[in-house]
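What follows is each chain in one-letter form.
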Amino acid sequence: MPIPRRHSSLSLLQQPYDGDIESLLDSQVSKDERALLGSYVGERLPYNDYTTIDWLHDLVKDNVRRAHVQSRLWGGIRGRAAQWWDAAQGWLAAFVIGALTAAVAFVVDVSVATVADWKEGYCETNIWLSRKACCPQDEQPCVRWRAWSDGFGPAYGAYVGFALLFGLLAATVTMTTRTNLPAVSLDLDNSWGDGDTPQYTETATGKAMYMAAGSGIPEIKTILSGFVIPHFLDFKILLVKAVGSTFAVATGMCLGKEGPFVHISTCLGYLVARLLPKYAHNQAKMREMLSVACSAGLSVAFGAPIGGVLFSYEEISTYFPRRVLWKAFLCSLVAAAALKELNPTGTGKLVLFETNYGVDYDVVHYAVFVFLGVCGGLFGGVFCKANFLWSKFFRQLPLVKRSPVLEVAIVVLATALLQYPNPLIRETGDIVMEKLLVDCKSGQGSWICEQEAGTGGRGTYYAWLISGTLVKLLLTIITFGCKVPSGVIIPALDAGALFGRMVGQVVPGISPGIFAMVGSAAFLAGVSRMTVSLAVVMFELTGEVNFIPPFMVAILTAKWVADAISADGVYDLSQHLLGHPFLDAEHALGRVRALRGAMGMATVEALMPPYETMEEITVYTGPEYKVAKSQLREKLARLKARGLMDAGLVLVNEQGICHGYLPEAELEFVLHAASQTEGEDADGRIDLLHGVVSEFIDRSPLMVVAKAPLEYAVEMFGKLGLRYMIIVEEETARVLGVVIKKRLVSYLDGLR
């Protein structure tokens, strides 16, 4: 008997699921989605290792689920309890994610502080204590801390040796996360082993990725935009990211742990949300929870709960409705509050770099803030260009490409040799930042204050400031992109603070720490192009609400200057270098405008696939709307043989009008289901109007005429979250082509 529409969808929705988010079904049933799209042999689109989700279908799917929940009125109280539990799942998940993120951040923060200090010495009473924990502030000099050597040469050698050891450990654990994106091909030796179902073999011929390398932010942006990266949020990746970032930051390399924290919190978000059927069975809902989880990562990285929410909204998420905003607010709050109670820094305060300069700025100082913004934009633009070229050429050398650990060792060695002689940049990035923001009301207690309080001999100090800025720029360029967990925010802040402190030496009557603080914001804005979220993060980071206007001036100026040098920020360039698909509607529309200006026109017709591809993915229904099962199996086999690409078959009647669209994931499923039910007639034909196959046909795919402006396609894919769209003839509505999201992204990339 055919499966009734109402019961088939709802029963499948309620089935338990043990797989990954990346293998959830895109349509109205929860089924493993490893969708592969095919085309004719001569054509192969970029991004073939990625599948996409269908936001519209998942929206309908969630509404079906909610209607089912609301209809379950089991005697009143039981029904209301079911509805309350359904509504509370998201809030509960947000709370748990925030608490778990704080716990992981506490472990990583304490571990980094201890391991990093081992480069210079150890605590005699307890080797597992950092120098700060070993030596109370009122005990100076500290008798418990034992340096490896009192001589410069031996201490220098120990510093370099431990840095190399930690770097090799970080790179080695990262290598364990090397994964090939899945590709599926037809097993020709046993293609129809059971006489009914084709046999497919999953092969590791897809794109290779080191899942725990880098910050993880470009990949998370790709996932949240609707693409799929299998296994990127698994527990193993979380564990390696935490361990790897501990040793990577401890080396003293120009990287930070804020990016890895965002990745870690997103992994926790996925692992928690997959326990709840509401999110585990719906990819769009899962991505809402991942956006919520992202906010907790930056919240614990900088003690900036509001900045974390804005960072997720401005920099990470593609879809951010109000319900996500509210849950992100709770998640970020819980993460920050829990971390404050855990107190990894030993200060008992949430503000990481608390300052209290006690002086105000004048109108004339705005000129200095603008100057810092210009320099920050130049720094960011040069960094983005140089890092892009370094990754494009040096990292493509055969030896470097084959041996990522060797590259890490070279970078660690260069970093240790260049940074140790300079007392300003010898320690890890967060400590460097804390020291550079100091307010020298007296020359006591700080090496920086002693240098600035001296009446003569400041030339060496100025040289350390200038060389420190240049060394940070150089080392950050060659470090970002290495195969270790790393972030770019702390190095950019350090470089800006060094430069700002240097500028502050020539501005009388005001603390140089103020310009170090504003300079750090400007340099980070130039690198990342963050604006609103960065301004909020900076005042949460320092506690200086009074300096929000200088932050805003420097950030805006830096962004304008950096945009003039390099149109894309560091995360966008990283996405391009890594080959991750991403549809940025704003940038896409700019490219379409440029195309229209150059060519005089830009229509959807440019997106149509070749004729051979359309023949391969088109199924003609005939007058009876019945298709031979063998034909569908042959079409599916051809789709599978092309690799991991996700579209499906377009069903066309005798007049050339679209009858519907059958995505490949559903096609594979229904061919098997048809053999288990009365889904085919005596001639081996499948009815497209009634029966099991008809349940899975999308009878209302969105269509657009071929002569429509190209902007229509960009906006529809970007704002509606489409996975595919049908192109039809203007006057007859005949099907001319099918556009999938990756074809549009590929076309827009060609307009760069």
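Provided above is the structure to which this section pertains.
Since the model is a prediction, treat every value here as computed from it, not as a measurement.

Participant: Give me the lowdown on the overall build of the protein, citing residues and values where you can.
Facilitator: Within the protein one finds 29 helices and 16 strands. Counting across all 752 residues of the protein, residues that qualify as buried make up 57%. In the protein, 76% of the contacts between residues at least 6 apart in sequence involve partners at least 24 apart. For the protein, the exposed area adds up to about 30200 Å²; of that, 61% sits on carbon and sulfur atoms.

Participant: For the layout of surface pockets, give the residues involved together with the corresponding values.
Facilitator: What the second largest pocket holds in volume is close to 1100 Å³. In this structure, the second largest pocket is lined by 43 residues; those nearest its centre are Ser317, Thr318, Tyr319, Phe582 and Leu583. Elements supplying a minimum of two residues to the lining of the second largest pocket: α2 (55-70), α10 (283-302), α11 (305-316), α22 (548-565), α23 (570-578), α24 (585-599) and α28 (710-720). Counting residues per element, the lining of the second largest pocket draws most heavily on α2, at 7 residues. Looking at the lining of the second largest pocket residue by residue, the classes come out as 15 nonpolar, 9 polar and 19 charged.

Participant: Pulling in residues and values, what's your account of the packing of helix α3 (residues 77-117) against helix α7 (residues 235-250)?
Facilitator: Contact geometry for α3 and α7: axes closest at 8 Å, N-to-C directions at 30°. Here the hand of the crossing between α3 and α7 comes out right-handed. Listed contacts from α7 to Val104, Val108, Ser111, Val112, Val115 and Ala116 of α3 are Ala242, Ser245, Thr246, Phe247, Val249 and Ala250. Split into classes, the residues belonging to the contact of α3 with α7 amount to 9 nonpolar, 3 polar and no charged.

Participant: Break down the packing of aromatic side chains for me, citing the residues and quoting the values.
Facilitator: A complete count under the given rule lists 25 aromatic pairs for this structure. Centre to centre, the rings of tyrosine 122 and tryptophan 148 are 5.1 Å apart; their planes meet at 40°, and the pair counts as tilted. Separated by 26 residues along the polypeptide, tyrosine 122 in strand β2 (residues 121-123) and tryptophan 148 in the loop between β3 (145-147) and α5 (152-175) bring together distant segments of the chain. Owing to a relative accessible area of 24%, tyrosine 122 belongs among the partly exposed residues under this scheme.

Participant: Tell me what's going on with the packing of helix α15 (residues 404-419) against helix α18 (residues 459-479), and back it up with residues and numbers.
Facilitator: For the pair α15 and α18, the least separation of the axes is 10 Å and the interaxial angle reads 170°. When the axis of α15 is compared with that of α18, the two are roughly antiparallel. Across the interface between the two elements, Glu407, Val411, Ala414, Thr415, Leu418 and Gln419 from α15 touch Val471, Lys472, Leu475, Ile478 and Thr479 from α18. Considered class by class, the residues forming the contact of α15 with α18 number 6 nonpolar, 3 polar and 2 charged.

Participant: Pulling in residues and values, what's your account of a nonpolar patch on the surface?
Facilitator: On the surface, Trp91, Leu325 and Trp326 cluster together into a nonpolar patch covering about 310 Å² of accessible area. One can find tryptophan 91 in helix α3. Looking at tryptophan 91, the relative accessible area reads 36%, which means it is partly exposed.

Participant: An account of the environment of valine 692 is needed here, citing residue identities and associated values.
Facilitator: Relative to the helices and strands, valine 692 is located in the loop between β13 (685-687) and β14 (703-705). Residues valine 692 and valine 670, spaced 22 residues apart in sequence, show a C-alpha to C-alpha distance of 6.8 Å.

Participant: Explain the state of the cysteines to me, and be specific about the residues and the numbers.
Facilitator: In total, this model carries 2 disulfides according to the counting rule given. Bridging cysteine 123 to cysteine 134, the disulfide has an S-S length of 2.1 Å. Taking the sign of the torsion about the S-S bond as the criterion, the disulfide between cysteine 123 and cysteine 134, at about 70°, is right-handed. One end of the pair, cysteine 123, is in strand β2; the other, cysteine 134, is in helix α4 (residues 131-134), with 11 residues separating them in the sequence. Residue classification places cysteine 134 among the buried positions, given a relative accessible area of 3%. In this model cysteine 440 forms its disulfide with cysteine 449; the gap between the sulfur atoms is 2.0 Å. Sign of the S-S torsion, about -85° for the bond between cysteine 440 and cysteine 449, identifies this disulfide as left-handed. You can call cysteine 449 buried: its relative accessible area is 3%.

Participant: How would you summarise the side chain of threonine 355 if you had to cite specific residues and measurements?
Facilitator: Mapped onto the secondary structure, threonine 355 falls in the loop between α12 (322-342) and α13 (365-393). The contacts of threonine 355, once residues within four sequence positions are left out, are Leu437, Met517, Thr542 and Glu544.

Participant: Just give me the short version of the nonpolar core, but keep the residues and values in it.
Facilitator: If you look at the biggest cluster of nonpolar residues, it comprises 161 residues, and the most contacted ones within it are Phe302, Phe383, Val484 and Leu493. Those residues in contact with leucine 493 that sit more than four places away from it in its chain are Phe302, Met433, Ser520, Ala521, Leu524, Met538 and Leu541. Counting 31 residues, the second-largest nonpolar core is a separate cluster that includes Val627, Val652, Leu662 and Val693.

Participant: How would you explain the environment of lysine 221 if you had to name every residue and give the values?
Facilitator: Among the structural elements, lysine 221 can be located in helix α6 (residues 217-224). C-alpha of lysine 221 to C-alpha of isoleucine 316: the two residues are 95 residues apart in sequence and 5.3 Å apart in space. Residue contacts for lysine 221: discarding those within four places in its chain leaves Glu315, Ile316, Asp572, Gln575 and Phe582. Of the polar contacts made by the side chain of lysine 221, one reaches the side chain of aspartate 572; its length is 3.1 Å.

Participant: Which residues make up unusual backbone geometry, and what values do they have?
Facilitator: Of note, asparagine 343 is a non-glycine position whose phi angle comes to about 55°, a positive value. Tracing the sequence through the fold places asparagine 343 in the loop between α12 and α13. You can call asparagine 343 partly exposed: its relative accessible area is 26%. One non-glycine residue, alanine 733, lies in the positive phi region at around 65°. Mapping alanine 733 onto the fold places it in the loop between β15 (724-728) and β16 (735-740).

Participant: Give a description of empty space enclosed by the protein that names residues and reports values.
Facilitator: For the structure on display, the rule yields 5 cavities of 30 Å³ or more. Approximately 50 Å³ is the volume attributed to the second largest cavity. If you go around the second largest cavity, the residues you meet are Ala116, Asp117, Lys119, Glu120, Tyr159, Arg426, Glu427, Thr428 and Ile431.

Participant: Run through the pattern of salt bridges, naming residues and quoting values.
Facilitator: Under the definition given, this model contains 20 salt bridges. Glutamate 124 serves as the salt-bridge partner of arginine 146, at 2.4 Å between the closest nitrogen and oxygen. Taken together, the positions of arginine 146 in strand β3 and glutamate 124 in the loop between β2 and α4 put the pair 22 residues apart, joining distant regions of the chain. The class for arginine 146 is partly exposed, based on a relative accessible area of 40%. With relative accessibility at 39%, the residue glutamate 124 sits in the partly exposed group. Salt bridges sharing partners connect three or more residues here, namely Asp62, Arg65 and Asp86.

Participant: Can you break down the sheet that holds strand β12 (residues 658-663) residue by residue, with the values?
Facilitator: As summarised here, the arrangement of the 3 strands in space is β9-β11-β12, forming an open sheet in which the pairing is mixed. The outermost strands of the open sheet, each flanked by one partner alone, are β9 (618-620) and β12. Taken pair by pair, the neighbouring strands of this sheet meet at an average axis angle of 25°, ignoring direction. Relative to β9, helix α26 (residues 629-641) is tilted by about 175°, and along the sheet it contacts β9 and β11 (648-652).

Participant: Lay out the sheet that holds β16 with the relevant residues and their values.
Facilitator: Across the sheet, which stays open at both edges, the 3 strands sit in the order β14-β15-β16 with mixed pairing between neighbours. Two strands lie at the open edges of the sheet, namely β14 and β16, each paired on one side alone. Averaged over all pairs of adjacent strands, the angle between their axes in this sheet comes to 30°, without regard to strand direction. The strands touched by α28 are β14, β15 and β16; relative to β15, the strand with the most contacts, the crossing angle is about 155°.

Parameters at a glance
- Residues numbered from 1 in each chain as written.
- Predicted model: local features only at pLDDT ≥ 70, side-chain atom pairs only at ≥ 80, totals over all residues.
- Heavy atoms only, no water.
- Helix = DSSP H or I, 4+ residues; strand = E, 2+ residues; numbered from the N terminus.
- Buried < 20%, exposed > 50% of the residue type's maximum accessible area, 1.4 Å probe, protein only.
- Contact = heavy atoms within 4.5 Å.
- Areas by Shrake-Rupley, 256 points an atom, 1.4 Å probe, with all protein chains shown as cover.
- 1 Å grid on protein atoms, 1.4 Å probe; cavity = no way out; pocket = protein on both sides within 12 Å on 5 of 7 lines; lining within 4 Å.
- Points joined across faces, edges and corners; volume = space filled by probe spheres on them.
- Nonpolar A, V, L, I, M, F, W, Y, C, P; charged D, E, K, R; others polar.
- Axes fitted to C-alpha atoms, helices over the stretch in contact; angles between N-to-C directions.
- Left-handed = near helix turned anticlockwise from the far one by under 90°.
- Phe/Tyr/Trp six-rings, centres within 6.5 Å; stacked < 30°, edge-to-face > 60°.
- Parallel < 35°, antiparallel > 145°, perpendicular 65-115°, else oblique.
- Patch = residues over 30% accessible without salt bridge, like charges linked within 9 Å, V, L, I, M, F, W, Y side chains within 5 Å.
- Salt bridge = Lys/Arg side-chain N within 4 Å of Asp/Glu carboxyl O.
- Disulfide = S-S within 2.5 Å.
- Core = buried A, V, L, I, M, F, W, Y, C linked by side-chain atoms within 4.5 Å.
- Polar contact = N/O pair within 3.5 Å; in protein donor to acceptor, adjacent residues only side chain to side chain.
- Pairing = 2+ DSSP bridges.

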